[in-house]
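Here is how the chains run, residue by residue.
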Amino acid sequence: MRLLKPEWVTNDDKPIFSVDIHPDGSRVATGGQGEDCGKVVIWNMGPIRDEKEEADLSTPRILCQMDNHLGCVNCVRWSGNGKFLASGGDDKLVMIWQTSRGLGSGKSFGCSVTIVEQWRALATLRGHSGDVLDLAWSPQDVWLASCSVDNSIVIWNALKFPDQVAILKGHSGLVKGVTWDPVGKYLASQSDDKSLKVWRTSDWKEESSITSCFEECGGTTHVLRLNWSPDGNHIVSAHAMNNRGPTAQIVERNGWGTSLDFVGHRKAITVVKFNPKILSKQIKRTSEKQQQYSCCAIGSKDRSLSIWLTALKRPLVVLHDLFEKSILDISWSSSGLELMCCSLDGTVAYLGFDQSEIGMPMFKDDQQALLEKIYGKSVLASKATNASSHIIESAAVLNLQQEQQQHRERENSMSGSSVPPKALSAVVATGDQPFKPRDKQIETRTPDGKRRITPIFLAPQPDIGDAGIPAPFTNKSIAFNSSKETSKIITERQDRVTQPGLNVSSNSSQSHSLASPPHHLVNTIMHQPTAVSETKTCITEPGATTPFIPLHTPMDVDKTPVRPVTSTPVSRQESQNDKERVKEKEKERDKDPDLDKTKDKDREKLKGNLSLKRRHGKVGRPRKSERETQMAAMVSHPLPVLAEPERTRPVLTSQDLQLSVPTIQKSSVHLIEGQMGSDNCTTVEVENKLSIGTRQMHRVRCVSSGKVLWEQLLTSPVIAVAGSRQVTCVACEDKTLTIFGVGGRRLWPPLVLGSQVSVLKCTGCYIMAVISQGYLYVWNSRSVCGVIQGQTLSAIMTVSERVIRAALTNEGVPLLTISSGRSFIFAPEIGSWMLVNDRDDYLHVCSDHHRCSPSKGRASGPLASVQGGGSSNQQAGRIFQSDASMQQMSTVSHLENQLASSLALKSASEYCFWLETYIRYLAQEGLEGKLRAVCDDLLGPVYARTSGSNGWQPTILGQNKREFLRQVLPVVGTNLRWQRLYTEYQEQLETLCSST
């Protein structure tokens, strides 16, 4: 047995709560706590088990790191086929990860670790209301079980994420462990309520509840990871007691008896893990018969690990004081000869066995056959193979499927391809290409009758195995990302393309240049930006061996075009031949001076056509003789082809806006939280131009209740400061913006803006900055993204106006008030500014809604803060005393404006206030059409079969629509005029409640 503790497998002195070895044995995943989020790390198993690979600096140790969880990661589990990785954490989420195609190594944003593999979040499962503590994949990866501190177990459909199969609610305490029966007939769970429950997968009902062996248990553990034996005969639980001593209780499948247990640990058992293989070897020396048994590893709070064989009465090995804190998770490799465990102290341990010590593992097929012999064929096997099959109940549907199958067969026979599309994609992914570029050609004919062939783009892709399953990681796995290997791939593609006789049509809209490498590969080789376009059109002479010349290659009309940069080496002989060709062309040009004139005429024709197209948009189709002349000129002289200039993205202008900038002060104090002068306020103190030696530095200090929380030094004077409980932002004179998190840690490198900051605001995790050139920025520090990126203010203000008020709502909506008295917000969803208040708006002044306002008074929020006090109904009555209908129309328009503005500002309290006011006013004025429209929107579809057909959502801004309708209907019913309407909607609400 080998015992190793790799010091480099760590979580930066933070706990590692879970560890799991990939089924191919080349990777291991760990989950734990990061700096301010949960951390999932995929490690290379090679350096762990091999000292030579560990000493090799070129061998990567970390393959990938994912920081998407907002809370600590408590569990990571690979699926049985190794395709998916599931992780669950304190953020109540379960995330499913899968490898990404076509992505190479690099560094992820905000992470200093070099990423060798790319893993993306395939699905995010939301179903728990508390921390997720344990996960388990069912046999054949049909289901995924997750348990949480919300006392529930959620069964997810692993064949169709994020669908839920069932929610098991039977525990009265925190559920801290789940495990599957190896044949998929049962699921077992263990909870803090001192019970172990067994659930049937046929109807998801409780089969049995075991409590007797847990009655003496005192205290609790972080996890209760029980496990089922590979032969299905036993469940071994965590944290059981026998005669006041901690044990791992053995629960027999036959009758769920509890007569046996594993004893010897001094403290509570936290985790149990069976070797996935059924083992066999000669146990008794007097007998040569091979005995079959299981192997079980047990971890405890006493920091020790014990390995048991069910054929022996004593443990095979016991490792005392293996860690400094309790063991939290154990994982066996699929071969059954390797084991890894992790601890609360943030370290892991590796154990390697040989067959003489632990026994001979049974082959997978033999083990599956043994299980089928004992328990019958697993129901999950049929579900995995026929997951998408359904009984066809209609002859019309059967005929439709047969017609579609016949249509697909006809298409395959016409294309001449005998390889199914799925098999073809799998072969391409593994690098064995079943066809060459000429096996499936797309031919076109030019007006002069010549053949043109559209090339097929063969993009190189890394090997991720069959059906998306990642291939075992080795040192050769990173060779694809090296420049040498990339150059080799590109050279092979170029050799295929530049074969004689391969021509390309200039008018093919779907043609791709194979002579030049893909854009990301060119940057890898040359280490500099290139102007290679993803889609290029190229022309060459029939039979010529000259590389394709893209139309976007920079060139001059009267000069030879620049040859595209490639990584293909050019021999001296080829270079000499090129020089000789150039000399021969120059001699022909000297002998025939009319040749240049002919070329110049052709160029002038092309220029004229292009200029007409730019001036008028479209030109008429040229005559046949002109087309033949142009095509002949292009074919005979392919090099000097004019390219239509590429479309460029227009640069936003701010019409020379120059907003005022805060002046630099020697020292200043900025309030972040609380009231200035109180004992519990938080402030940021700025001291500019501090002399440190011959240099000047600038200090920022955060103080709370008279205690300095953190300090930072900057190299540029500070002009503006803003902050919240989560972030503190500092704008400097050098046009940079520095963002600090809790504790003064820099979240990002300084953001470089186009000019100095004029307005700076922070609310929660959102940051807003308006720079002096008149551009608006909003960032989300929690999700690390830009909500609004450089939106110009020229659409809402002129050069003579200024920003007199700026605010940022809790939902990250920027609110700007201009000196003209108008207030605007910017909606990134639709990419436009919205006017939410105008000082000169007569609808606001003349609205007569005040007597219909709810008794609770005016709601407070961002909309009310910019609008101030409203007008009285006496003023509205004086204005419209001669026309009551105009007053009614203005009031309805104003109320609808208020509703739309509250919704755009995402202010739930104000939206509810104005919606109730709107309904009261409609009922008072007798506007039945509008009243029914509002009630129908709140009620939604009555029947389940029509739900979602019109995009109806049951909530708005977090408020339940039907519950709101239930509250306002009595207000409508007080007016006898609407008693029928009240009865109608009340009965429908009761029908919906009874059906649910």
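In every chain, residue numbers begin from 1 and rise along the written sequence. Per-residue local features are limited, in this predicted model, to residues with pLDDT of at least 70; the limit for side-chain atom pairs, both in listing and counting, is 80 or more; totals at the level of whole chains, interfaces and linings are taken over all residues. With hydrogens and water set aside, each side-chain value is computed from the structure's full complement of heavy atoms.

Q: How would you explain the packing of aromatic side chains if you had to name every residue and give the values?
A: Pairing of aromatic rings covers Phe, Tyr and Trp, the last counted by its six-membered ring, and requires centre-to-centre distances within 6.5 Å; plane angles under 30 degrees mean stacked, over 60 mean edge-to-face, and any other angle means tilted. Tallied over the entire structure, the rule returns 17 aromatic pairs. Among the aromatic residues, those joined into a cluster by ring pairs are Phe84, Trp137 and Phe161.

Q: Outline the sheet that holds strand E15 (residues 164-168), supporting the account with residue identities and numerical values.
A: Between any two strands, at least two bridges found by DSSP are needed for them to pair. Here a helix means four or more residues in a row that DSSP labels H or I, a strand means two or more in a row labelled E, and each is numbered from the N terminus. Read across the open sheet, the four strands follow the order E12-E13-E14-E15; overall the sheet is antiparallel. Across the chains shown, the open sheet's two edge strands, defined by having one partner strand only, are strand E12 (132-137) and E15. The average angle at which neighbouring strand axes cross in this sheet is 15°, direction not considered. Pairing between strand E13 (residues 143-148) and strand E14 (residues 153-157): five bridges, direction antiparallel. Paired with Ser146 across the bridge in E14 is Val154. Axis lines are fitted to C-alpha atoms, over the contacting stretch for helices. Their N-to-C directions set the angle, which ranges from 0 to 180 degrees.

Q: Outline the sheet that holds strand E8 (residues 93-99), listing residues and values.
A: In spatial order, the strands read E6-E7-E8-E11; together these four strands make up an open sheet with antiparallel pairing. Edge positions in the sheet fall to strand E6 (73-78) and strand E11 (119-126), since each of these pairs with one other strand and no more. Sheet twist, expressed as the mean angle between neighbouring strand axes with direction ignored, is 20°. Bridge count between strand E7 (residues 85-89) and E8: four bridges; the pairing is antiparallel.

Q: Quick one: what's the story with the side chain of Arg253, residue by residue and with numbers?
A: Relative to the assigned elements, Arg253 resides in the loop between strand E23 (245-252) and strand E24 (260-263). Within the structure, Arg253 has its side chain in polar contact with the side chain of Asp181 (distance 3.0 Å). Throughout this description, a polar contact denotes any pair of N or O atoms lying within 3.5 Å of each other; where both atoms belong to protein, one of them has to be capable of donating a hydrogen while the other can accept it, and for residues adjacent in sequence the pair is counted only when both atoms sit in side chains. There is a polar contact of 3.0 Å between the side chain of Arg253 and the backbone oxygen of Gly232. Should any heavy atoms of two residues lie within 4.5 Å, those residues are considered in contact. If we skip the residues at most four places from it in the chain, Arg253 touches Asp181, Val183, Lys185, Tyr186, Trp228, Gly232, Asn233 and Tyr375.

Q: Residue-level account of the environment of Pro23, with values.
A: Looking at the element boundaries, Pro23 is found in the loop between strand E2 (16-21) and strand E3 (27-33). Throughout, exposure labels follow a simple rule: accessible area from a 1.4 Å probe, protein chains only, divided by the maximum for the residue type, with under 20% read as buried, over 50% as exposed, and the rest as partly exposed. The exposure class assigned to Pro23 is partly exposed, which follows from its relative accessible area of 24%. In this structure, the C-alpha to C-alpha distance between Pro23 and Ser334, residues 311 residues apart in sequence, is 5.3 Å. Those residues in contact with Pro23 that lie beyond four places of it in its chain are Trp78, Ser79, Gly80, Asn81, Gly82 and Ser334.

Q: Lay out the state of the cysteines with the relevant residues and their values.
A: We call a pair of cysteine sulfur atoms a disulfide when they lie within 2.5 Å. This structure, assessed with the given rule, holds zero disulfides. For Cys213, which is in no disulfide, the shortest distance to another cysteine sulfur is to Cys217 and amounts to 7.4 Å. Here Cys213 falls in the buried class, since its relative accessible area comes to 6%. No disulfide involves Cys296; its sulfur sits 7.3 Å from the nearest other cysteine sulfur, which is in Cys295. Note on Cys296: relative accessible area 0%, which makes it buried.

Q: Residues and numbers for the pattern of salt bridges, please.
A: By convention in these notes, a salt bridge is any Lys or Arg side-chain nitrogen within 4 Å of a carboxyl oxygen on Asp or Glu. Counted according to the given criterion, the structure contains 28 salt bridges. With its nearest N and O atoms 3.8 Å apart, the salt bridge here joins Asp329 to Arg225. With a gap of 104 residues between them, Asp329 in strand E31 (residues 327-332) and Arg225 in the loop between strand E19 (206-210) and strand E20 (227-228) connect regions that are remote in the sequence. A relative accessible area of 1% places Asp329 in the buried class. Taking the relative accessible area as the measure of exposure, Arg225 reaches 2% and is therefore buried. Of the charged contacts in the structure, one is a salt bridge between Glu687 and Arg699, with a shortest N-O distance of 3.0 Å.

Q: How would you explain the pairing of strand E38 (residues 682-692) if you had to name every residue and give the values?
A: Here strand E37 (residues 667-673) runs beside E38; their pairing, made up of six bridges, is antiparallel. Residue pairing across strands places Leu671 opposite Thr683, the latter belonging to E38. Relative to strand E39 (residues 695-704), E38 runs antiparallel, the two sharing nine bridges. Residue Val684 lies in a different strand from E39, and its bridge partner there is Cys702. Counting the residues that bridge the hairpin from E38 to E39 gives two residues, and of these Gly693 lies at a positive phi of roughly 70°.

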